[in-house]
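Here is how the chains run, residue by residue.
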Amino acid sequence: MQLKPEEISKVIRSQIKYYDNAIRQDETGTVLMVGDGIARASGLMNCMAGELLEFENGSYGMAQNLEENSVSIVIFGNDEGIGEGQTVKRTGRVVSVPVGDAMIGRVVNALGQPIDGNGPVDTTEFRPVESPAPGICDRTPVKEPLQTGIKAIDSMIPIGRGQRELIIGDRQTGKTTVALDTIINQKGQNMICIYVAIGQKRSTVASLVETLEKNGAMDYTIVVAATASESSPLQYIAPYSGCAMGEYFMKQGKHVLLIYDDLSKHAVAYRALSLLIRRPPGREAYPGDVFYLHSRLLERAAKLDDAHGGGSLTALPIIETQAGDISAYIPTNVISITDGQIFLETELFHSGVMPAVNPGISVSRVGGNAQIKAMKKVAGTLKLIYSQYRELQSFAQFGSDLDEDTKSRLEMGARIVEVLKQNQNAPVPVEKQVAILYAVTKGILMDVATEDVKEYEKGLYSYLDTDAVGASAMTEIRQSGTLSEETEEKLKNALEEYTKSFTARKPAK
């Protein structure tokens, strides 16, 4: 191809015309050592704490320890390709994650990058993973209920929007199931859910996403996964990333539910990271700021006042205990930060009581403020009756000659236990919870044999949908949230009518 001189001069002329004489200045440092996902670099004199730094091979890291002559950097991902003597460059911004509506329905890693194979996330907005918690004057008291769909929790340990309620128990007691059922129950409740998986197996996260998809819950859920095979720095920032994504929606006046599964593994990841960057170890080799690690995360959960949009961020952190020891270091730390705990007991789980909630140790410090009036009226005495039953049960096994009052309390307690049992991924609407709890606390269920309670309950829900009086009571409870005398009468009549027809078919033994 022949080049013409006038074409060359034309190109040179345009290059001179549009020449931009801008000096670009990058502050770079030199890697002194690298290993175990940690790098130490010198020369980054103006580096900020928590700043994102870029290595020669395109990998990123976060500045942690800012020492006199060097900076300790935790590397996000693999440290292969990073060597001594290479340059490391400042980006001038703290670690941030993408946020926005495009994140909903996606599975992302701790840096907000998609890992579900559905293409890139179409968002241009970013939020720093670490940000200050809302101030005291920006908040409003927690009084709006967050329905989990789990009878044992909604009746005895209610959760409100903006609350931090800890789910605690040994491994394999159903902690994740409680969290998943809560997500599934938010369908149509104008709630965005974020599930953060920390240090879990990839197969577990895959089956969890499949469960959410099957129940149509991925339409309003973001899954942030930092699995067991990923480095400690990624497991460390995962909950903060999830929180930043949730805060974006909260600031817009929306309601968000955040689940951290689990913070025990998060503390272990932070301990590994801290020891590698030579921070002094404290109790159980955890660093001195392990309390601050979780307090600054959980304090970001809040119910904002109307002047700040009225949005809320509800946190359900999960902690795994060893042999039911809730007085261990990390469990006591998190219990002291949260507004109550749901304690799941191994003995209850193995005896077939699922969810295995122990109402004696479990508590909600927000209490009845986070319940609709109808539930408060029905479940007011439930926790007391249940706790008395548990106590009487332990004494009753030693004596055979029991008085009538004790026998009736034991009979009622046995039916309460049956009513509070619930299958996985089967949340119950609050108005139907009110109906079945009314039946058991008012003694209507005493005519039904304990082993038939499950069948009775299943039939009752169908009956309340089809019966004119029952359906009317359900609609009034759902819409008003109260149990007026008129509604109570309707509910009582419907329950007695159904119980009569049920006991005619299956008389109590």
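As the structure is a prediction and not an experimental result, all values here were calculated from the model.

Procedures and definitions
Residues numbered from 1 in each chain as written. Predicted model: local features only at pLDDT ≥ 70, side-chain atom pairs only at ≥ 80, totals over all residues. Heavy atoms only, no water. Helix = DSSP H or I, 4+ residues; strand = E, 2+ residues; numbered from the N terminus. Contact = heavy atoms within 4.5 Å. Areas by Shrake-Rupley, 256 points an atom, 1.4 Å probe, with all protein chains shown as cover. Lys, Arg positive; Asp, Glu negative; His and termini not counted. Charge placed at Lys NZ, Arg CZ, Asp CG, Glu CD. Buried < 20%, exposed > 50% of the residue type's maximum accessible area, 1.4 Å probe, protein only. Phe/Tyr/Trp six-rings, centres within 6.5 Å; stacked < 30°, edge-to-face > 60°. Polar contact = N/O pair within 3.5 Å; in protein donor to acceptor, adjacent residues only side chain to side chain. Salt bridge = Lys/Arg side-chain N within 4 Å of Asp/Glu carboxyl O. Pairing = 2+ DSSP bridges. Axes fitted to C-alpha atoms, helices over the stretch in contact; angles between N-to-C directions. Parallel < 35°, antiparallel > 145°, perpendicular 65-115°, else oblique. Left-handed = near helix turned anticlockwise from the far one by under 90°. Nonpolar A, V, L, I, M, F, W, Y, C, P; charged D, E, K, R; others polar.

J.: Honestly, the overall build of the chain in this entry has me stumped. Any pointers?
T.: Secondary structure summary: the chain contains 16 helices and 17 strands in total. Principal axes of the C-alpha set define a box for the chain whose edges measure 105 × 55 × 45 Å. Sequence separation of 24 or more characterises 74% of the internal contacts of the chain that already satisfy a separation of 6 or more. As displayed, the chain offers around 23,500 Å² of accessible surface, 51% of which is attributable to carbon and sulfur atoms. Computed over 53 positive and 64 negative side-chain charges, the separation of the two mean positions in the chain equals 2 Å.

J.: Could you clarify how one ought to interpret unusual backbone geometry in this entry?
T.: Along the chain, Asp261 connects to Asp262 via a cis peptide bond; the corresponding omega equals -5 degrees. Of note, Asp262 is situated in the loop between strand 13 (255–261) and helix 6 (263–276). Residue Pro355 is bonded to the preceding Met354 through a cis peptide linkage, with omega at 0 degrees. Among the structural elements, Pro355 can be located in the loop between helix 9 (346–350) and strand 17 (363–364). Positive phi is not limited to glycine here, since Gln172 has a value of about 60 degrees. Using a relative accessible area of 58% as the deciding quantity, one classes Gln172 as exposed. Of note in this structure, Ala323 is not a glycine but carries a positive phi near 50 degrees. As for its placement among the helices and strands, Ala323 is situated in the loop between strand 15 (312–320) and helix 8 (329–337).

J.: Could you clarify how one ought to interpret the packing of aromatic side chains in this entry?
T.: Pairs of aromatic rings are described using the distance from one ring centre to the other and the angle between the two planes. Scanning all chains against the criterion turns up eight aromatic pairs. Where Tyr248 meets Phe249, the ring centres are 5.2 Å apart and the plane angle is 75 degrees; that geometry is what we call edge-to-face. A relative accessible area of 13% means that Tyr248 is categorised as buried. Given a relative accessible area of 0%, Phe249 falls into the buried group. The interplanar angle of 35 degrees and the centroid separation of 5.3 Å between the aromatic rings of Tyr463 and Tyr498 together place this pair among those described as tilted. Here Tyr498 lies in helix 16 (residues 485–505) and Tyr463 lies in helix 14 (residues 453–466), a separation of 35 residues in the sequence. Residues Tyr463 and Tyr498 agree in their burial class; the two are buried.

J.: Could you clarify how one ought to interpret the environment of Asn65 in this entry?
T.: Structurally, the position occupied by Asn65 is in strand 4 (residues 60–66). Look at Asn65 and you get buried, because its relative accessible area is 13%. In this structure the C-alpha to C-alpha distance between Asn65 and Lys10, which are 55 residues apart in sequence, comes to 54 Å. Those residues in contact with Asn65 that sit more than four places away from it in its chain are Ser70, Val71, Ser72, Ile277 and Arg279. At 2.9 Å, the side chain of Asn65 forms a polar contact with the side chain of Arg279.

J.: Explain the pattern of salt bridges to me, please; I cannot follow it from the model alone.
T.: Opposite charge on two side chains permits pairing when their charged atoms draw close. Under the criterion given, the structure shown has 23 salt bridges. Linking Glu51 and Arg90 is a salt bridge whose minimum nitrogen-to-oxygen distance equals 3.0 Å. Taken together, the residues Glu51 in strand 3 (residues 51–55) and Arg90 in strand 6 (residues 87–94) connect sequence positions 39 residues apart. Between Arg300 and Glu247 there is a salt bridge, with the nearest N and O atoms lying 2.9 Å from each other. Of this pair, Arg300 sits in the loop between helix 7 (290–298) and strand 14 (302–303) while Glu247 sits in helix 5 (residues 232–251), and the two are 53 residues apart along the sequence. Here Arg300 matches Glu247 in class, with each residue buried. Members of the salt-bridge network, linked through shared partners, are Arg139, Arg164, Glu299 and Asp339.

J.: Teacher, can you tell me more about the sheet that holds strand 5 (residues 71–76) here?
T.: The strands that make up a sheet are held in pairs by hydrogen bonds between backbone atoms, and each pair lies either parallel or antiparallel. Strand order in the closed barrel formed by six strands is 1-2-5-4-3-6, and the pairing between neighbours is antiparallel. Pairwise comparison of adjacent strand axes, ignoring direction, gives a mean angle of 45 degrees for this sheet. Looking at chain direction, strand 1 (residues 28–35) and strand 6 are connected through three bridges and run antiparallel. Within the sheet, the bridge partner assigned to Thr30 lies in strand 6 and is Thr87. Against the sheet, helix 5 engages strand 4 and strand 5, with an angle of about 85 degrees to strand 5.

J.: I'm lost on the packing of helix 15 (residues 468–480) against helix 16 in this one. Help?
T.: Where helix 15 contacts helix 16, the two axes come as close as 8 Å, and the packing angle between them is 140 degrees. It follows from the interaxial angle that helix 15 and helix 16 lie oblique. When the axes of helix 15 and helix 16 are compared, the crossing they make is left-handed. On helix 16, the residues that touch Val469, Gly470, Ser472, Ala473, Met474, Glu476 and Ile477 of helix 15 are Thr487, Lys490, Leu491 and Ala494. Its residues placed into classes, the contact of helix 15 with helix 16 shows six nonpolar, three polar and two charged.

J.: Is there a simple way to explain the side chain of Glu431 in this structure?
T.: Summarising the element assignment, Glu431 is placed in helix 13 (residues 430–441). By relative accessible area, Glu431 is classed as buried at 8%. The contact partners of Glu431, leaving out residues within four places of it in the chain, are Met474, Ile477 and Arg478.

J.: How do you make sense of the pairing of strand 1 when you look at a structure like this?
T.: Note on strand geometry: in a regular strand, side chains alternate between the two faces of the sheet. In the sheet, strand 1 pairs with strand 2 (residues 38–42) via five bridges, with the strands oriented antiparallel. Bridging from a neighbouring strand, Thr30 pairs with Ser42 of strand 2. In sequence, strand 1 turns back onto strand 2 through a hairpin of two residues, with Asp36 there showing a positive phi of about 55 degrees.

J.: Where do I start with the side chain of Asp305 in this structure?
T.: By the element assignment, Asp305 lies in the loop between strand 14 and strand 15. Buried and without a salt bridge, Asp305 has Lys303 as its closest oppositely charged side chain, separated by 8.4 Å.

J.: Would you explain the environment of Ser501 in this entry?
T.: For Ser501, the position within the fold is in helix 16. Its relative accessible area of 36% is what places Ser501 among the partly exposed residues. Of note is the side chain of Ser501, whose polar atom sits 2.8 Å from the backbone oxygen of Tyr498.

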